[in-house]
Amino acid sequence: MNIIILLFSLLSPYFDASPQLTPISTFSDQPKTVLTFEHSSETSPAINRFDSLQGVALYATKEELLLAKGNPLAVTNDPLQGTEEYQYADVTVGVGEGFVLYVHVSPSQAQQFGLQVNGVGIDPMKDNVQSTLGKPYFIAEDGDVYMRGNNALKIYRNLAGEFEGIDLFDSISS
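Predicted model, so just to flag it, every value in this text is computed and none were measured.

Cut-offs and rules
Residues numbered from 1 in each chain as written. Predicted model: local features only at pLDDT ≥ 70, side-chain atom pairs only at ≥ 80, totals over all residues. Heavy atoms only, no water. Helix = DSSP H or I, 4+ residues; strand = E, 2+ residues; numbered from the N terminus. Buried < 20%, exposed > 50% of the residue type's maximum accessible area, 1.4 Å probe, protein only. Areas by Shrake-Rupley, 256 points an atom, 1.4 Å probe, with all protein chains shown as cover. Pairing = 2+ DSSP bridges. Axes fitted to C-alpha atoms, helices over the stretch in contact; angles between N-to-C directions. Contact = heavy atoms within 4.5 Å. Salt bridge = Lys/Arg side-chain N within 4 Å of Asp/Glu carboxyl O. Lys, Arg positive; Asp, Glu negative; His and termini not counted. Polar contact = N/O pair within 3.5 Å; in protein donor to acceptor, adjacent residues only side chain to side chain. Core = buried A, V, L, I, M, F, W, Y, C linked by side-chain atoms within 4.5 Å.

Q: I tried to follow the overall build of the chain on my own but got confused; where do I start?
A: Summing up its helical and strand segments, the chain has five helices and twelve strands in all. When each of the 174 residues of the chain is scored for burial, the buried share is 33%. Of the roughly 12,000 Å² that the chain leaves accessible, carbon and sulfur atoms contribute 57%.

Dropping the structure here:
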């Protein structure tokens, strides 16, 4: 019975037959609600998409890769990932089902040829990465992961924090 009385008391304003008029002047006195988003310089990286590493575009066709980079120094099979690895002097490219699925650069390749993400130079050895990429999306035991949409860039580091390599890949397919 108490529940019925409580329910009736909560719903009674909706069944009141007398109209309640509100003066129009009170509408203009209402505070305006403004939605804002907080932005800081740390969350506004210089690179807002991950399209390419060392000039190799993720999802490029095998033909586009060969046009852009030429014939590889070597091609090896990776049965675990079901890909072929195209080895170039400055980069290793994983190709599966006719498309670039990942791009890897070793420390020696980065030291000799530099490191370009979307044509922008970065240097993980000197640790200027956060000014270019922003804060990592995830910090793993073996490195930092940066996300842009479905694409991920992982900078591998050893326990001493030294640069061990960098990969560009589709985060969904990995």
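That was the structure; now back to the text.
Q: How should I be thinking about the sheet that holds strand E11 (residues 151–157) in this particular structure?
A: Pairing between the strands of a sheet comes from backbone hydrogen bonds, and it takes one of two forms, parallel or antiparallel. An order of E3-E4-E5-E6-E12-E11-E10-E9 is seen for the eight strands of this open sheet, with the pairing classed as antiparallel. The open sheet has two edge strands with one neighbour each: strand E3 (74–78) and strand E9 (138–140). For this sheet, the mean inter-axis angle between neighbouring strands, taken without regard to orientation, is 20°. By the bridge criterion, four bridges tie strand E6 (residues 99–105) to strand E12 (residues 163–170) in an arrangement that is antiparallel. Counterpart to Tyr102 in the pairing with E12 is Phe169. Strands strand E4 (83–87), strand E5 (92–96) and E6 of the sheet are contacted by helix H3 (residues 62–69), whose axis makes an angle of about 5° with E4.

Q: Looking at this structure, I do not really get the pattern of salt bridges. What am I missing?
A: Oppositely charged side chains are able to pair whenever their charged atoms sit close together. Under the definition given, this model contains three salt bridges. A salt bridge links Arg49 to Asp51, with the nearest nitrogen and oxygen atoms 2.5 Å apart. According to the relative accessible area criterion, Asp51 is partly exposed, its value standing at 32%.

Q: For this particular structure, what's the right way to read the side chain of Glu85?
A: For Glu85, the location among the structural elements is in strand E4. Lacking a salt bridge, the buried Glu85 has Lys62 as its closest oppositely charged neighbour, with an N-O distance of 15 Å. Engagement of the side chain of Glu85 in a polar contact is seen with the side chain of Gln87, the distance being 3.4 Å. Within the structure, Glu85 has its side chain in polar contact with the side chain of Tyr102 (distance 2.6 Å). Setting aside chain neighbours within four positions, we find Glu85 in contact with Ala74, Val75, Thr76, Asp78, Thr92, Val93 and Tyr102.

Q: Which parts of the structure should I look at to understand the nonpolar core?
A: Nonpolar side chains in soluble globular proteins tend to be buried together. Among the nonpolar cores identified, the biggest contains 27 residues, and Val93, Val100, Leu133 and Ile166 are the most heavily contacted of them. Counting only elements with at least two residues in this core, the list comes to E5, E6, helix H5 (129–133), E11 and E12. Contact partners of Ile166, with chain neighbours within four places excluded, come to Leu53, Val103, His104, Val105, Leu115, Ile122, Leu153, Lys154, Ile155 and Tyr156.

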